[in-house]
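Listed here are the chains, written in short residue letters.
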Number of protein chains: 2
Amino acid sequence: MGKDGVGIGLVGLGTIGTGVVKVLQQNAEVISERLGFPLRLVRIADLDLDTDRGVDLSGVRFDSDSEGLLDDPEVQIVVELIGGYDVARRLTLAAIERGKHVVTANKALLALHGAEIFDAAAERGVDVAFEASVGGGIPILRSLREGLSANQITSLHGIMNGTTNYVLTQMESSGEPFEVVLKRAQDLGYAEADPSFDVDGIDAAHKLTLLVAMAFGARLTFKDIPTEGIRGLTPLDFEAAERFGCKIKLLGIAKAHEDGRIEARVHPTLIPATSLLAHVDGAMNAIAVHGNAVGPTLFYGAGAGEMPTASAVVADLMEIARELRRGSAGRVAPLSYAPQHLRPRPMVSLGDLYGRAYLRFTALDRPGVLSHIAGALGEQGIGIESVIQQARGSEAESVPVVILTHPVREAAVRAALAEVDRLPDVTAPTLFLRIEDET
Amino acid sequence: MGKDGVGIGLVGLGTIGTGVVKVLQQNAEVISERLGFPLRLVRIADLDLDTDRGVDLSGVRFDSDSEGLLDDPEVQIVVELIGGYDVARRLTLAAIERGKHVVTANKALLALHGAEIFDAAAERGVDVAFEASVGGGIPILRSLREGLSANQITSLHGIMNGTTNYVLTQMESSGEPFEVVLKRAQDLGYAEADPSFDVDGIDAAHKLTLLVAMAFGARLTFKDIPTEGIRGLTPLDFEAAERFGCKIKLLGIAKAHEDGRIEARVHPTLIPATSLLAHVDGAMNAIAVHGNAVGPTLFYGAGAGEMPTASAVVADLMEIARELRRGSAGRVAPLSYAPQHLRPRPMVSLGDLYGRAYLRFTALDRPGVLSHIAGALGEQGIGIESVIQQARGSEAESVPVVILTHPVREAAVRAALAEVDRLPDVTAPTLFLRIEDET
């Protein structure tokens, strides 16, 4: 054990890693005061030793030797911030193997290899803490684990990806198409050069995987979660949503059904404009949790970024360090709703979902086309609540027709769309968005 | 120690106490699973043994002997839910004296006698947990203590009283006067027969006292907090606020100044209608916290009520029970930012506040009255951003004149109002509301 405080080793000195160094330095005094002893950053490993990160690393051993860091007896807790799957997995397992506690922000790693990692940690009696992996600085995992621990969690849903929320907020306010807004987000650094991870909903699905584990004790990987991104949205969809009293947000949604099944999905969703989530704009995140005792709750904050994510990493460091000093470390992970005891749970299939649907058809502007579409919906017993049809004048031109349905089983919607998309007047696949009325 | 789980003794079987019994019973399975052992309700004390609370108390000793409960070796944690000051204080100190850990929802008790109670607990090495005392089911104290532990908290503000928020929301939507809405709230059970505690801001000031202690390590009692209630608001104020792009909420506000001073106050406040807090309606609560690493966060949920409050009480029970089993109980309270180490901090006086002001004058509808008012403001260097004047036709009648100022020191506003309220045309004291632009 470090002579002076608990020793930290940091692997990966990118944006978040630099944020961790800044928080440990800038807030050293309150951290020491709250713990009763300091956190001591003893060692950093990164392949890039040249870039100036704008932080003072004097007194910290900084080299590219991550193996040496893991073996360093001064290092009691390893912070894994290299990201990605394979190297991060090997490093995390190697740290656990050496009896080091691990703090990570790597949602991709845990969503894919969580079972293996938590099993290894439980066996070795070390902690793996991961608050920073979901919701950035929002203490949502702790709130599930501690604050709402007396509840059966019945549902959760939220805005779990800041990049897509930034793009959607901009599309809504500017009326510009997806590609234009995405380009600007990339120029501003809000979106990656390859944006798929964010805009296709994969990042949100990773986070939802972890939330579902914490909330429902369900073991699944993110591949089990039906995921749709935001590429198909057009400015018209935001206008139409507004006329229906709604906003469009990319939500991760999970519910525990009474029959033991779990519902989990990520997709762009229409939500009432009056709901709190509808007012979560820009790159901010918010996660609503419903517990059987507490009722509805919501946790809001920055879902990404150097300092907010570092805030969560250092909170994890403080928790483990405190347990180390008490002699009861190795207990944090098992208390994370015992990840190694997660059980597979049957999933609700999309066809079984029930709710209102937003349908944007693309059809030639001919007489009778609405009748054909309405007919196909009617055959599946789908009632129409509202229609927005914009005539353009020329019969040769495709125009959008937006229909809001009454609540309906999704299987019926899919059957109807299969019919509609075969109609000769319908010139492009129909966009189908789900509406969540209870947000 | 109880043979089977950790033993709980409950004093006070009112609304919240009954909720605690329900949560312990309904969620017994998840509680045991998460802890690894059950919480065992062994004993309840209340003076009223006759009322049917609709819960099954078989297997629980239920009598009026609170002293016997404190002495019962089966009782390891005492839940104090009798409310009020004196009896609750004596009971809590007696429990601590006997080495029992205490969970309480009694914000009034802690806001007034917190220093004495936490000192006694620290000396005896027991925990006093009080999550339920602020924000009902919202895990706000835990979030400050654990989730945001790596941050210097720079400010917090929020809707901390559900009754007043219900009244304000109703006044805004119905356009009815305070008295009418309050009467309805009382009929519906949202407000007490004697509503002073809520509508005069006292309850919010109690909660803010605890939040300030947690967030800033500042020791103060609620009497140190300037507090204004909502009785003076009229329907016109909500209309005028809307025209200024604002909503009116009763906020508790606290800020840590860089010079070490603490700002803390409770009053009806104009906030931008676009802010999240502006959309927190009805009896719900929400507390926004700003940390130097995490940035802005917000925590939303039911601020009162049987089950939400019980959710927080049982979360505290689970935390202490876990520490008991680990052999490290008595550490929860010291980790609550070490309440026994709280330090008195100099307070910012109201005169030093700086911001826009909302002023509603009541004046005879005579030519020149606006000029007199504007003159008095001008003499104090107060710039006018906007004026709403409703002429009524008769010079003998008093009419409201609403003025929105540019940002100004509050001392200047007070000096100007002292002048204005002496003017012969001004027939009633001026209503002054603060505007918080950064919410």
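Residues numbered from 1 in each chain as written. Chains lettered and ligands numbered in written order. Predicted model: local features only at pLDDT ≥ 70, side-chain atom pairs only at ≥ 80, totals over all residues.

Digging into the overall build of chain A
Our working definition: Comment: elements are numbered from the N terminus, with helices defined as DSSP H or I runs of at least four residues and strands as E runs of at least two. The globule rule used for comparison is 2.2 Å times the number of residues to the exponent 0.38, while the radius of gyration itself is calculated over C-alpha atoms. Counting other C-beta atoms within 10 Å of each residue's C-beta, where C-beta atoms are placed from the backbone, gives the exposure class: buried for 20 or more, exposed for 12 or fewer, partly exposed between. Here contacts are defined at the residue level, using C-beta atoms placed from the backbone and a cut-off of 7 Å between them.
Looking only at helices and strands, chain A features 15 helices and 17 strands. In summary, chain A has a C-alpha radius of gyration of 24 Å against a globular reference of 22 Å for 439 residues, a match within 12%. Taken over the C-alpha atoms alone, chain A extends approximately 80 × 50 × 35 Å along its principal axes. The buried share among the 439 residues of chain A stands at 52%. Within chain A, counting contacts between residues at least 6 apart in sequence, those at least 24 apart form 76% of the total.

Digging into the interface of chain A and chain B
We apply this condition: We call Asp, Glu, Lys and Arg charged. Ala, Val, Leu, Ile, Met, Phe, Trp, Tyr, Cys and Pro are nonpolar, and the rest, Gly among them, are polar. Between any two strands, at least two bridges found by DSSP are needed for them to pair.
Contact with chain A, which involves 41 residues of that partner, is made by 41 residues of chain B. For the side of chain A that touches chain B, the leading source of residues is helix H12 (residues 306-326) of chain A, giving 9 residues. Among the residues making up the side of chain A that touches chain B, the classes are represented as 22 nonpolar, 14 polar and 5 charged. Across 5 bridges, strand S11 (residues 295-302) of chain A lies against strand S11 (residues 295-302) of chain B in antiparallel orientation. Note on S11 of chain B: the bridge partner recorded for Thr297 of chain A is Gly301 of chain B.

Notes on the environment of Leu276 of chain B
Relative to the helices and strands, Leu276 of chain B is located in the loop between strand S9 (262-272) and strand S10 (284-291). Residue class for Leu276 of chain B comes out buried when judged on the 22 C-beta atoms lying within 10 Å of it. Contacts of Leu276 of chain B, omitting those with residues within four sequence positions, involve Leu276, His279 and Tyr300 of chain A together with Leu298 of chain B.

Let's talk about the sheet that holds strand S1 (residues 6-11) of chain A
Residue and element names in this part refer to chain A. Definition in use: Think of each axis as a best-fit line through the C-alpha atoms, taken over the contacting stretch in the case of a helix, with angles from 0 to 180 degrees between the N-to-C directions.
Taken in spatial order, the 6 strands line up as S3-S2-S1-S4-S5-S6 in an open sheet, and their pairing is parallel. The open sheet terminates on both sides in strands that have one partner only, identified here as strand S3 (61-63) and strand S6 (128-129). Helix H1 (residues 15-26) rests against S1, strand S2 (39-45) and strand S4 (77-80) of the sheet, and its axis sits at about 155° to S2.

Quick notes on the sheet that holds strand S5 (residues 101-104) of chain B
By way of backbone hydrogen bonds, the strands of a sheet pair with one another, either parallel or antiparallel. All names here are of chain B. Pairing in this open sheet of 6 strands is parallel, and the strands run S3-S2-S1-S4-S5-S6 from one edge to the other. Two strands lie at the open edges of the sheet, namely strand S3 (61-63) and strand S6 (128-129), each paired on one side alone. Relative to S6, S5 runs parallel, the two sharing 2 bridges. In the strand pairing of S6, Val102 is matched with Val128.

With respect to the confidence of the model for chain A
Condition: Scored from 0 to 100, pLDDT records how confident the predictor is in each individual residue.
In this model, chain A carries an average pLDDT of 93, and 95% of its residues clear a pLDDT of 70 or more. Reported confidence for the predicted complex is 0.95 by ipTM and 0.96 by pTM.

Regarding the packing of helix H6 (residues 140-147) of chain A against helix H6 (residues 140-147) of chain B
Going by this rule: Angular relationships are summarised with four words: roughly parallel below 35 degrees, roughly antiparallel beyond 145, roughly perpendicular across 65 to 115, and oblique for the angles in between. Whether a crossing is left-handed or right-handed is set by the direction in which the near helix is turned from the far one by less than a right angle, anticlockwise for left-handed and clockwise for right-handed.
Following both chains from N to C, one finds H6 of chain A and H6 of chain B inclined at 120°, their axes separated by 10 Å at the closest point. Taken as axis vectors, H6 of chain A and H6 of chain B run oblique relative to one another. By crossing handedness, the relation of H6 of chain A to H6 of chain B is classed as right-handed. Of the residues in H6 of chain B, those in contact with Arg142, Ser143, Glu146 and Gly147 of chain A of H6 of chain A are Arg142, Ser143, Glu146 and Gly147 of chain B. Class assignment of the residues belonging to the contact of H6 of chain A with H6 of chain B gives a composition of no nonpolar, 4 polar and 4 charged.

Quick look at the pairing of S4 of chain A
Residue and element names in this part refer to chain A. The line we're drawing: Seen with its strands pointing away from the viewer, a crossover is right-handed when the path leading from the first strand over the helix to the second is clockwise.
Side-chain alternation along S4 places Ile77 and Val79 on one buried face and Val78 and Glu80 on a second face that is also buried. Sheet topology places S1 next to S4; 4 bridges connect them, and they run parallel. Looking across to S4, one finds that Gly9 is bridged to Val78. When S4 meets strand S5 (residues 101-104), the two strands line up parallel, connected through 4 bridges. Among the inter-strand pairings, Glu80 is bridged to a residue of S5, identified as Thr104. With helix H4 (residues 86-97) bridging S4 and its parallel neighbour S5, the resulting β-α-β unit is right-handed.

What to know about the domain arrangement of chain A
Reports of interface size often rely on the accessible area that becomes lost once the parts have come together. All names here are of chain A. Rules: Each domain's extent is set by a domain assignment, obtained either automatically or from a database.
The assigned domain composition of chain A is domain 1 (6-136 + 306-341), domain 2 (142-301) and domain 3 (351-435). Here the C-alpha centre of domain 3 lies 25 Å away from the C-alpha centre of domain 2. Facing 11 residues of domain 2, the contacting portion of domain 3 comprises 11 residues. Put simply, the parts of the chain that give the side of domain 2 that touches domain 3 at least two residues each are helix H11 (235-243) and strand S9 (262-272). Here the residues of the side of domain 2 that touches domain 3 sort into 6 nonpolar, 3 polar and 2 charged.

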